[in-house]
Structures are given as C-alpha cells and as structure tokens.
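Chain by chain, the residues:
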Amino acid sequence: PVIVKRDGFGAGQGVRVCHDPMELRTAIAAEPQNARNATFVVQKYVRGTVYGVTVSGLEGKALAGFSFIKHQCTSLNGPTSVARHDRRDDIIDNSLELFELYGLNGYAGFDYILDDAGRAFLLEINPRIMPTGHFADAFGADLTASLLAAMRNEPIPKPTAPKHEDVALFPNEWARDAQSPYLRTAHHDVPWDDPPLLAAMIDHTLRVQHG
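Below, the structure is looked at part by part. (Residues numbered from 1 in each chain as written. Predicted model: local features only at pLDDT ≥ 70, side-chain atom pairs only at ≥ 80, totals over all residues. Heavy atoms only, no water.)

Here's the deal with unusual backbone geometry
Under the convention used in this document: The helix and strand labels rest on DSSP assignments: H or I over at least four residues marks a helix, E over at least two residues marks a strand, and numbering proceeds from the N terminus. Each residue gets one of three labels from its accessible area relative to the maximum for its type: buried under 20%, exposed over 50%, partly exposed in between, using a 1.4 Å probe on protein chains only.
Cis geometry marks the peptide bond from Phe170 to Pro171, where omega comes out at 5°. In this structure, Pro171 sits in the loop between strand E9 (166-168) and helix H4 (172-176). The residue Glu59 is not glycine, and still its phi comes out positive at about 50°. Tracing the chain through its elements places Glu59 in the loop between strand E4 (49-58) and strand E5 (61-73). Owing to a relative accessible area of 68%, Glu59 belongs among the exposed residues under this scheme.

Topic: the pairing of strand E6 (residues 80-85)
Going by this rule: Only strands that DSSP links by at least two bridges are regarded as paired with each other.
Bridge count between E5 and E6: 5 bridges; the pairing is antiparallel. Its bridge partner being in E6, Phe68 is matched across the sheet by His85. Count of turn residues in the E5/E6 antiparallel hairpin: 6 residues. Where E6 and E9 come together, 3 bridges link them in antiparallel fashion. Within the sheet, the bridge partner assigned to Ala83 lies in E9 and is Val167.

Thoughts on the sheet that holds strand E3 (residues 40-44)
Heads up, the rule is: Between N-to-C directions, angles span 0 to 180 degrees; the directions come from axes that are lines fitted to C-alpha atoms, helices contributing only their stretch in contact. Contact criterion: two residues are considered in contact whenever any of their non-hydrogen atoms come within 4.5 Å of each other.
What the 3 strands build is an open sheet, ordered E2-E1-E3; its pairing is antiparallel. This sheet does not close on itself; its edge strands, each paired only once, are strand E2 (15-18) and E3. The mean inter-strand angle of the sheet, taken between neighbouring strand axes irrespective of direction, is 25°. Sheet strands in contact with helix H1 (residues 21-29) are strand E1 (2-6), E2 and E3, and its direction is about 155° off that of E2.

Examining helix H2 (residues 89-101)
Put simply, the rule is: Residue count minus one, scaled by 1.5 Å, sets the expected span of a helix. What the arc describes is the spread of directions from the helix axis to the C-beta atoms.
In this model, H2 (13 residues) spans 18 Å end to end at C-alpha, consistent with the 18 Å of a helix rising 1.5 Å per residue. Every buried residue belonging to H2 is among Ile91, Ile92, Ser95, Leu98 and Phe99, and all of these are buried. Buried residues of H2, viewed axially, fall in a sector of 125°; they line one side. Among the exposed residues of H2, those pointing more than 90 degrees away from its buried face are Glu97 and Leu101. Of the surrounding elements, those touching the buried residues of H2 are E4, E5, strand E7 (106-114) and strand E8 (120-126). Of the residues trailing H2, Gly103 is marked for its positive phi of about 60°.

Quick look at the sheet that holds E7
Taken together, the 7 strands give an open sheet; going across it, the order is E8-E7-E4-E5-E6-E9-E10, and neighbouring strands pair in mixed fashion. In the strand order of this sheet, the two ends are held by E8 and strand E10 (187-188), each with one partner. Two elements, E4 and E7, share 9 bridges in a ladder whose sense is antiparallel. By the bridge assignment for E7, Gly52 is matched with Asp111. Docked against the sheet, H2 engages E4, E5, E7 and E8, running at close to 135° with respect to E7. Across the sheet, helix H3 (residues 143-151) touches E4, E5 and E7, and the angle it forms with E4 is around 20°.

Note that all results are geometric; they support no functional claim without further evidence.
This is the structure we're talking about:
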C-alpha cells in the first residue's frame, strides 16, 4: 500500500491509503474538478507507531526539542489530541539537524513513524508554531524559554526531567471524546483561567464539527 496526500491540506484531510494502482488512480481522479491541477505526495505505507518531535530555534540554530507518541488523535490521520512522552534521541537529533539544514526559525514539528524493528521513517515537516510548543517543561524541555533566552543572548535552559507522561490537548481531545478520561487524569491545557478564550475555542470546535 501507499499513502497519498493532496498538497495544501492539513489535520489529516486529503490523506488516503491506496492498496493498488487502481485505488491510487481512483483517489486522484475523485478530486473536485477545480482541483485537477493539484499536486500529491505519495509515500510508502509503513505500519508502526507515530511520533512527533517539536523543536524551537533561532535563525537556523536549533535550541531545544522533545519527542512524544501521538497516543490519541482527533481522527485516523488527524492531529494529536493526547501526547505521551517518549524520548527518542535518534529522531530528536534528526529533527534538530533538519531544522538547521533548512534554516528554520521559531518553532517546527516533525512527524515520524517507527516500525516494529524500531526503524524511523520521516513523514512530514511542519515549519510553524505547533500545538505542543507550549508544553514548557512537561516533557523536559521548555522550548519557549530556550527561544527567548537565545533572543536575549542569555544561557539556554538545560533540559529537566519530564514532569508528566501524558498531556491532553484542548480542544482536540475534547472534540475527540468529550468524556475522555485523559481530560481528568492527564496534564492538560484547558484555559480555565481565561473564560472568553475557552468559550471561543469551544465555539470554533463546534462550528468545525458541524460544518
């Protein structure tokens, strides 16, 4: 099988698994008429565990990063809703190298899949602010503090021991399962101290869910 993903989409949209050439042709032909000039990425299908790495850096210099398992996602191919800490130095080091190779700035996310033999395959690079970038020292690296220190020409904070195993992302995990136990048992980022922001996030999620 292969994975086919239409460019310009995100959050798991436009991604299909194709088991043979006919399914691949059908998937591409099924796109709307106004998308006939769209481009696609085709990747080998690999069974395994999906990991994310979030990195911060300044003007092509990687500063800090942590890795995690995408333990729960909003949909089959959607964004992370529960991140489970699992330090993998191999993919962290690879992400830091890619950050510097492409001269990225600020924050970036890197997705990998690890097969049963422990081999890592790079899935995609997201050169933007990531929904996991604010975890501070929950997973042992404060990305924002590192970025701010570099901007101020101050020493970069040293990594610390992770303080949590799981982090539930709001509103992603709430949208996946409003009764999710992770919203009660895991560390989470529900903005209880900012009711207007909380209401706006809920309203936006409901609009997306109901079209």
